[in-house]
Structures are given as structure tokens and as C-alpha cells.
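# Understanding the architecture of this molecule
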Amino acid sequence: MVYLGGSITHNPGWRDSLCNYFIQKFPETDFDFINAGIPSMGSTPDAFRFKRDVLKHGPVDLLFVEAAVNDDLNRRTPTEIIRAMEGIVRHAIRVNPKCNIVMMHFVDPGKMEAYRRGKVPEVIRIHEQVARHYNIPTINLAKEVTERIDAGEFDWENDFKNLHPSPFGQHVYYHSMKQFLEYSFNNDFSNKHIEKTELPKSIDPSPYTNGKLVEPENPKYTKGWDLVEDWKPSDDKGTRANYVNVPMLVGEYPGKAIRFDFKGNAVGIAVAAGPNAGIIEYRIDGTSWKKQDLFTKWSNRLYLPWYYTLASGLKSKRHTLYIRLTNDKNPESSGKKCILRYFYHNAD
């Protein structure tokens, strides 16, 4: 059983309660719980790290996935969200056609505001579109929390407190999930869903169904780039697990372009986007050079793991990605670095 999501999944709370629920509900079952929650991650990172973080112990029987908070906060486009969410679903079911998936939508102030205007938040609308297409049940906690606050049952400031819920808010999440599961089990959930799932035609022609992470190799004699085997920041800014004391390909000034050869229809880079993040130029095969600013609105505070999809919807064949540093930088950045943890590509 896997819990896939961002910091709200990563942090203790509803997830621990749900694990205890399953252990008590099925005392003779030997569960393997995997916490695949990583702060700041949304559907795009989840699709490309799926093999590493979700399938590391083999096929999954039950997958809980949530990306509505970070897909919104990270400003992922509708096309990218559909490709990523479809990729997660299709990857899980291809590996285990009997895999059950539950999609959740957590609450944040932006979603509350949208519901109060009578609108469905765009990111939830997109996730629900994918869920309907694949007949996946959803738990809309964003809508439930908004309605219960507006009904006077509790309030945001004193009870729920934050999009990272208080213990009270964590219990609200857990209780709703438990109700969903109890209803499912009481309505013969186990017999209804043991059949193999037949995958329909994808909504988007280029879903991220077979995402892969690739650690960079040492680009020998490539001016401007160096593979640092045990990278750590030289300042006091924060880091995240798996993005410190690990190999990083670091570009520090304009020079030669590095290259990444891949097969598939999408490619990108995962970087530690810190206070010295620079601006790169990149191109696929012989196309014209494009720019990508690696500095995020959170980069001043920490070396944030960030996934930049540089091209998608490509023809599914062999391609080459070229990347080089520029002399330009974001006005808020203190440097011009690219600190690269992974290349990633969709191998379909």
C-alpha cells in the first residue's frame, strides 16, 4: 500500500491513522506501507519518480494519491497535469492490473475561495476528469472542509489552522477517509474490484506513463560543468532529503553544453533550485535554443527540489537534450548555477 503526495502526505497525521486502521481492520494481513510523500512534489514529479519511490518493493495493490495542492501552488499547466495524472494511473495499472487507486483533493485557501464563489477549482476539475475516465473514486476534502467551516462546525484559523493541518485537521482528513473505506467495504468493495482493470485510450496522446529518473554522469572535459560526488551547499540555506550529500552535476558559468540522450516523448531536469539558481538554455536535437529560469519564488529560503519539463509531446523516438548556462540571472538570484540531480524522461 502506497501513499503518494507532497508534504501533507509526508508529514505524520492522517496517514499514520489510516495505517493503524488497516492493521486493526485486517489483523491477519501482512501490510507493506510505503510513504512516498515528498514535500513540494505534485503530479509531474510523482509521475517521473513513480518507479523509484512507488514500485521499489514491487507492484502496488492500493494507491492513495494527492496532488491537488502542489499542482496548483506550483502552477502546473492543465496539459501537464493531465499527462502526469494519467501517467501515474496508467503506470500503476500496467504493473498491476488489479491495483486499486484512490484520488484525494486536500484543502488550501485558494480552493476554499473558489468553492465559495460557486466554482470548482481548476486543478480539482482536471484531476476529476482523469478520475472519471479511469473510474477512480475520489475524496474531495477541499470541498468538505470548506462546507463544514461555512456551516460553523469549526474554523480555519483556530481549528484547521493551515494547509498543513493541525492534529484536529489531520483527524478530519482521517475520519473522512475511514468513512469512505467503511462504505466501500460494506458495499462489497473487495469483490467488485478484484477484476483486472482494462486501460481505456488515454485522454491526452502523450501521458507520462513510463517516467524514469536518470542520474547524470561525469561530463569529462566539458567546460563549466563538474560532477560533485557529495554535494552540499556552501551557505546556510536549507536542503531536502535526496538533494544533499548526493552526486550533483553542477554548472557554474557559461561554457560547453552537456547532452542527455534519451528515447521517449518528454524530457526534463530535476534540480536543487537554491538562492544561486541561474538561467539555462536548452534545445532538443537541432531545434532553436530556449531559456529556462531555474529560480523559484521559494529559492531564497532553501535548495528546493524542482522538476522542469523542458519538452513533452515529442515523437516517441531517440532524441538528444542539450543544456548550457547563460550569463543571465534572475534579479533575485545571487548566482548563475545549475545544480542538477536528475535528468528525467518518459520512455514510452
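Our subject in this report is the structure included herewith. Keep in mind the model is a prediction, meaning the values are calculated, not measured.

### Comments concerning the pattern of salt bridges
Enumeration according to the criterion identifies 21 salt bridges in this entry. In this structure, K111 and D72 form a salt bridge, with 3.8 Å as the shortest nitrogen-oxygen distance. Placement of K111 in helix α7 (residues 109-116) and of D72 in helix α5 (residues 68-73) is noted, with a sequence separation of 39 residues between them. Among the residues examined, K111 registers a relative accessible area of 1% and is labelled buried. Between K232 and D230 there is a salt bridge, with its nearest N and O atoms 3.3 Å apart. Exposure remark for K232: the relative accessible area of 45% places this residue in the partly exposed category.

### Notes on the sheet that holds strand β4 (residues 100-105)
Here five strands make up an open sheet; going across it, the order is β2-β1-β3-β4-β5 and the pairing parallel. The strands lining the two open edges of the sheet, one partner per strand, are β2 (34-37) and β5 (138-140). Between one strand and the next, the sheet's axes are offset by a mean angle of 15°, whatever the strand orientation. Direction of pairing for strand β1 (residues 2-5) relative to β2: parallel, over a ladder of four bridges. By the bridge assignment, V2 is partnered in β2 with I34. Packed onto the sheet, helix α6 (residues 78-95) meets β1, β3 (62-66) and β4 and runs at close to 155° relative to β4.

### A word on the environment of D261
Along the chain, D261 turns up in strand β9 (residues 258-273). Classification of D261 by relative accessible area gives partly exposed; the value is 47%. Considering only alpha carbons, one finds D261 and I284, 23 residues apart in sequence, at a separation of 9.8 Å. The contact partners of D261, leaving out residues within four places of it in the chain, are H319 and T320. A polar atom in the side chain of D261 sits 2.9 Å from the side chain of R259.

### Comments concerning the packing of aromatic side chains
Within the structure shown, the criterion is met by 21 aromatic pairs. Ring geometry for Y3 and F64: centres 5.5 Å apart, planes at 15°, overall stacked. Of this pair, Y3 sits in strand β1 while F64 sits in strand β3, and the two are 61 residues apart along the sequence. Comparing Y3 with F64, the two get one shared label, buried. The ring of Y322 has R283 sitting right over it, with the charged end atom 5.5 Å from the ring centre. Above the plane of the ring of W289 lies R324, whose end atom (NZ or CZ) is 3.8 Å from the centre.

The rules behind these values
- What you see as residue numbers is a count from 1 along each chain, following the sequence as written.
- Predicted model: local features are reported for residues with pLDDT of at least 70 only, side-chain atom pairs are reported and counted for 80 or more only, and whole-chain, interface and lining totals are derived from all residues.
- Side-chain metrics rest on all non-hydrogen atoms present in the structure, leaving aside hydrogens and water.
- In the sections that follow, a salt bridge refers to a side-chain nitrogen of Lys or Arg positioned within 4 Å of a carboxyl oxygen of Asp or Glu.
- Strands here mean DSSP runs of E at least two residues long; helices mean DSSP runs of H or I at least four residues long; both are numbered from the N terminus.
- Exposure classes here rest on a 1.4 Å probe applied to the protein chains alone. A residue is buried below 20% of its type maximum, exposed above 50%, and partly exposed in between.
- Two strands are counted as paired when DSSP detects at least two bridges linking them.
- Each axis is a line fitted through C-alpha atoms, and for a helix only the stretch in contact is used; angles between axes span 0 to 180 degrees, taken between their N-to-C directions.
- Two residues form a contact once any of their heavy atoms are found within 4.5 Å.
- Whenever two N or O atoms come within 3.5 Å, that pair is a polar contact, provided that in protein one can donate a hydrogen and the other can accept it, and provided that, for residues adjacent in sequence, both atoms are side-chain atoms.
- Each pair of aromatic rings taken from Phe, Tyr and Trp, with Trp reduced to its six-membered ring, is defined by centres within 6.5 Å and is described as stacked if the planes are under 30 degrees apart, edge-to-face if over 60, and tilted in the remaining cases.
- Only lysine NZ and arginine CZ atoms are considered, and such an atom sits over a ring when it is within 6 Å of the ring centre and within 35 degrees of the ring normal.

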